[in-house]
Amino acid sequence: MIVLRLLRLLLPALIPSWRFFRAVAASPRIEVCAAGSADWREVAPRPDHLSLARMCRRMLWNPRWNEALYLVSLAERVVEQGSAHAMHELQQRVSKLRPNERLELRLVFINVQGGALMREVLYQSAPFGGPC
């Protein structure tokens, strides 16, 4: 009886339910550039290639990817809800990546239309961080 109760408590942790997704949709890409520049770069780009050993290691320990997922979560809140708190947190975390630099941030969705990739800028911030 106790074993069954324990198993009922542990089973959801071992085999997660995928019903927590409300919808499956594209996530915004977070791009940053120096204020006044047009050289936009993705904040947390994925590597072009990973060795098998590195892939296995990243399955167990990958703090950079966790940070990137958190940034995307913040970006989604900004786009969906217009959350000022999420934007402030996003700007603070991006500022840490490029300290002492005045930056601009934008959120971009990439869609496929008629076989071509279309980039849609959904949000662009005013300059922030660094010296004024």
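This report concerns the structure included in the present document. Remember, predicted model here, so these are calculated numbers, not experimental data.

## Notes on the nonpolar core
(1) Moving on: Counting 15 residues, the largest nonpolar core has I30, V43, L71, L90, V94, L105 and L107 as its most contacted members.
(2) Moving on: For this core, the secondary structure elements donating two or more residues are strand 1 (29–34), helix 3 (63–81), helix 4 (84–97) and strand 3 (103–113).
(3) Moving on: Sequence-distant contacts of L107, defined by excluding residues within four places in its chain, comprise P28, R29, I30, A75, V78, V79, L90, E120, V121, L122 and Y123.

## Points about unusual backbone geometry
(1) Moving on: Non-glycine residue N100 carries a positive phi angle of around 60°.
(2) Moving on: Following the sequence through the fold, N100 ends up in the loop between helix 4 and strand 3.

## So, a nonpolar patch on the surface
(1) Moving on: Taken together, the side chains of L4, L6, L7, L10, L11, L14 and I15 define a hydrophobic patch exposed on the protein surface, amounting to about 710 Å² of accessible area.
(2) Moving on: Structurally, L4 is set in helix 1 (residues 2–14).
(3) Moving on: A relative accessible area of 56% means that L4 is categorised as exposed.

Reading guide: rules and limits
- Residues numbered from 1 in each chain as written.
- Predicted model: local features only at pLDDT ≥ 70, side-chain atom pairs only at ≥ 80, totals over all residues.
- Heavy atoms only, no water.
- Core = buried A, V, L, I, M, F, W, Y, C linked by side-chain atoms within 4.5 Å.
- Buried < 20%, exposed > 50% of the residue type's maximum accessible area, 1.4 Å probe, protein only.
- Helix = DSSP H or I, 4+ residues; strand = E, 2+ residues; numbered from the N terminus.
- Contact = heavy atoms within 4.5 Å.
- Patch = residues over 30% accessible without salt bridge, like charges linked within 9 Å, V, L, I, M, F, W, Y side chains within 5 Å.
- Areas by Shrake-Rupley, 256 points an atom, 1.4 Å probe, with all protein chains shown as cover.
- Salt bridge = Lys/Arg side-chain N within 4 Å of Asp/Glu carboxyl O.

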